[in-house]
Amino acid sequence: MTAPSGDERLAQEEEQHRQLGVLHGIAEHSVGRLVDGSLAWDDWLRDASRHGRYGFINTLLIPAQRRSATDVRSYDVWQERGRQVRRGETGVRIISMRGNPRAVFDIEQTDGEPITKESFSPAEALQKLSRLAADLGFYVDRGQDWTYLGRPGRRIQLAPELDDISAASRLVHQLAHGIGPGGLLDEATGNAAPCLGARRVFADSVAYLILADLGLNVSHLRFPPTERWAGTDARTNSSAAVRVVGDQLVRTSTRLRRRLDALAGPLISSVSTSAVSPAESPQTTATRDSALRAALTDAHHFFRRTLPGSWGARYLADRGFNAVVQERWELGLAPSAGRALLQHLRGLGHQDQTIIDAGLAKERDGGELLDVFRDRILFPLRDRTGEIIGFIGRRRDEAPGPKYLNTPDTALFHKREVLFGLHESRAQLATTCRPLLVEGPLDAIAVNVALPAVYAAVAPRGTAITTAHVEAIAAHADGPTSGLVIALDGDNAGRATAVRAWRTLHTIAGPIEAALLPTGRDPGDLLSPASQFAVREALLSVIPLADLVIDEKSSGSGERWNSLSPGWPPPKPPQHRSLNCHPTRSPARSTASRHARAWTRRTSPHWSLERSARTSTRVPHHRGRRPPPSRTAARNAPRPRPRRNPTIGGRREPATP
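Here the structure is a predicted model, which is why all the values come from computation and not from measurement.

Procedures and definitions
- The residue count restarts for each chain, going from 1 along the sequence in the order it is written.
- Where totals are concerned, whole chains, interfaces and linings use all residues; where local detail is concerned, this predicted model gives features only for residues with pLDDT of at least 70, and gives and counts side-chain atom pairs only at 80 or more.
- The side-chain values count all of the structure's non-hydrogen atoms but skip hydrogen atoms and water molecules.
- Two rings from Phe, Tyr or Trp (for Trp, the six-membered ring) form a pair when their centres sit within 6.5 Å of each other. Planes less than 30 degrees apart are called stacked, planes more than 60 degrees apart edge-to-face, and all others tilted.
- Remark: a charge is flagged as sitting over a ring if the NZ atom of Lys or the CZ atom of Arg is within 6 Å of the ring centre and within 35 degrees of the ring normal.
- Here a strand is any run of E in DSSP of at least two residues, a helix any run of H or I of at least four, and the numbering for each starts at the N terminus.
- Accessibility here uses a 1.4 Å probe with only protein chains present; expressed as a share of the type maximum, an area under 20% marks a residue as buried, one over 50% as exposed, and anything in between as partly exposed.
- Residue contacts follow a heavy-atom distance rule, with two residues in contact if any of their heavy atoms lie within 4.5 Å.
- Here, a salt bridge means any side-chain nitrogen of Lys or Arg that lies within 4 Å of a carboxyl oxygen of Asp or Glu.
- Within this analysis, the arc is defined by the directions that extend from the helix axis to the C-beta atoms.
- A pair of strands is treated as paired once DSSP finds two or more bridges between them.
- Throughout, an axis means a line fitted to C-alpha atoms (over the contacting stretch in the case of helices), and angles, computed between N-to-C directions, take values from 0 to 180 degrees.

J.: How should the packing of aromatic side chains be read in this particular structure?
T.: Any two aromatic rings considered together are summarised by their centre-to-centre distance and by the angle between their planes. Throughout the structure, instances matching the rule amount to nine aromatic pairs. Geometry around Trp78 places Arg73 over its ring, the cationic atom sitting 5.9 Å from the centre.

J.: Help me understand the side chain of Asp47 in this model?
T.: Within the element layout of this structure, Asp47 appears in helix H2 (residues 41–51). Judged by relative accessible area, which is 3%, Asp47 ranks as buried.

J.: Honestly, the environment of Leu256 in this entry has me stumped. Any pointers?
T.: Following the sequence through the fold, Leu256 ends up in helix H9 (residues 238–262). Under the relative-accessibility criterion, Leu256 is labelled buried at 1%. Sequence-distant contacts of Leu256, defined by excluding residues within four places in its chain, comprise Leu132, Leu136, Val172, Ile179, Val206 and Ile210.

J.: Where do I start with the pattern of salt bridges in this structure?
T.: Working definition: two side chains of opposite charge can pair if their charged atoms are close together. For the structure on display, the rule yields 31 salt bridges. Note that Arg67 and Asp47 form a salt bridge whose closest N and O atoms lie 2.9 Å from each other. Of the two residues, Arg67 sits in the loop between helix H3 (56–65) and strand E1 (72–73) while Asp47 sits in helix H2, which places them 20 residues apart along the sequence. Note that Asp204 is salt-bridged to Arg200, the shortest N-O span being 3.2 Å. Here Asp204 and its partner Arg200 are both found in helix H7 (residues 197–213), four residues apart, which amounts to about one turn of the helix. Residue classification places Asp204 among the buried positions, given a relative accessible area of 10%. One salt-bridge network, held together by shared partners, links Arg304, Glu327, Glu330, Arg382 and Glu424.

J.: Explanation requested: helix H17 (residues 467–474) in the structure shown.
T.: Every buried residue belonging to H17 is among His469, Val470, Ala472 and Ile473, and all of these are buried. End-on, the buried residues of H17 take up no more than an arc of 160°, which puts them together on one face. Relative to its buried face, H17 has exposed residues pointing more than 90 degrees away, namely Thr467 and Glu471.

J.: Explanation requested: the sheet that holds strand E12 (residues 388–394) in the structure shown.
T.: Backbone-to-backbone hydrogen bonds join strands into a sheet, with any given pair of strands oriented parallel or antiparallel. One open sheet accounts for four strands, arranged E8-E11-E12-E13; its pairing is antiparallel. Pairing within the sheet leaves two strands with one partner each, and these edge strands are strand E8 (332–334) and strand E13 (404–406). Neighbour-to-neighbour, the strand axes of this sheet turn through a mean angle of 35°, independent of strand direction. Note that strand E11 (residues 376–382) and E12 share six bridges and pair antiparallel. Within E12, the residue paired with Ile377 across the bridge is Arg394. The sheet contacts of helix H16 (residues 441–450) involve E11, E12 and E13, and relative to E11 the element is tilted by about 70°.

Next up, the structure:
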């Protein structure tokens, strides 16, 4: 198949531009109908419940082109679901996440196996939503006589006299406030006035979409005319208000739907298939796992009691992790005695084999048992439900052995699947904060303490980034919007990490960027007064990870990378692109450097990396022409000195390049 010529490519671009203009015109007209009331808000919500996964604009475009559409998907997705688009069917045009026209087809335009959608009773839906609230870090109080001792602003109160549907509506209403703009529940605002105006329309609309997705009746949710909350004064921009509220509620409901889907099965698959022998029954496995979790929980309590007043507490405090941070993250310390934990757990009635299977003790050659963690600061590792499944131990700086020691792989813990800090930062990921990959647990804690409105930091456990890690983050974050940032050292090791990480991270739909750290610094220094400014500015100044990978592949010596490290970040604090907590990108480069960079990419054998990161058209290699110099060569080449022209009275004239 021959590549399109220049004229054909230009014609394609013009047609694409024309289609985008038409689609934006349709969307603008539909927004106007919402403003003037000719399109009722309830009617639009019905369409949004069907097509909300494509974004606010497309919830207007799809019904405008095909009013009867109920479930639209791309041609390839329908094939994956066992259905085939009929020949001659005309697709519905939507605007993709990259801003290009894209065709999708309604289920009525396909043939194949029927697709059934699961529905729930009001009681089942309320139970699922309560689990979702717990997964997001909220406490649901429906008239229990318990004293709430959790974090302020995380308690959702439901009147016990409410029926299940009303309670579910109220719960989703509060969850929308909790993970939406501002993050304040109705009870936590401190205002005497009830939830009114656009704030109420936003939360009730999210409740409408979630309840409709669960198959519940939503007729009890009523909405005022749009002009009453978007404004009618000529000085107000009612269309902009509708766009903002519509976009926010569609994004928030999409996040909640994804989290509900992640909770559709068992709370957690705690045992891998390979870890269970065929002879083990589900009852045996559940009993064993319960014993392991009990041993790990008792060990965690033991470690936490040992930390206060120890060298570990002093070390953490000296680095800026005060007693409040230590308590909040439930850090602990393993005593230096070789059998302190073992004797404690035996005294609580735990069997030796259970202690070994939990990864808390190991057997020496002579058959004697010994604690796995000795004289180390311990960081708890949790599963999706928040239960302890393992630990990370950090030794003293002057002590021998590995700096970090993980719990060995067990029936509950697999280090290639677990990220430290993911459970603790799940509420941040549900908002507009971006996931940040760091190296160690102290780095993750420091970022989450110092930059909680910008990043949700997580750390893999002694292994390269895996697909399981990416999937775990995607289950909590809005990947297409937030993407992912990785913190890298500005040295050779950091450069190698970028290349390895790209092989796994390039499949993420959103922006994949990197923050280059100053030499000798790490994110854990964010809480240190001496270096917190430099590290903070480095984390807020991100550049595309693909650019770093291309520079590494196109320059074997790595001069391009090293030139970025000294003096990084730039002295002037960057400005944010928007209010969505996304850090800024690096400043634009000069025209000459862009030309040199473009030629380097096109002649690089790793052109596929560039194509994966950007949707540009391949440009053929230079043929029969001397290519321009690479950026590194142009920068390192000696500059010619001006020469004296004897015919012009000894004056200097510019040197000839």
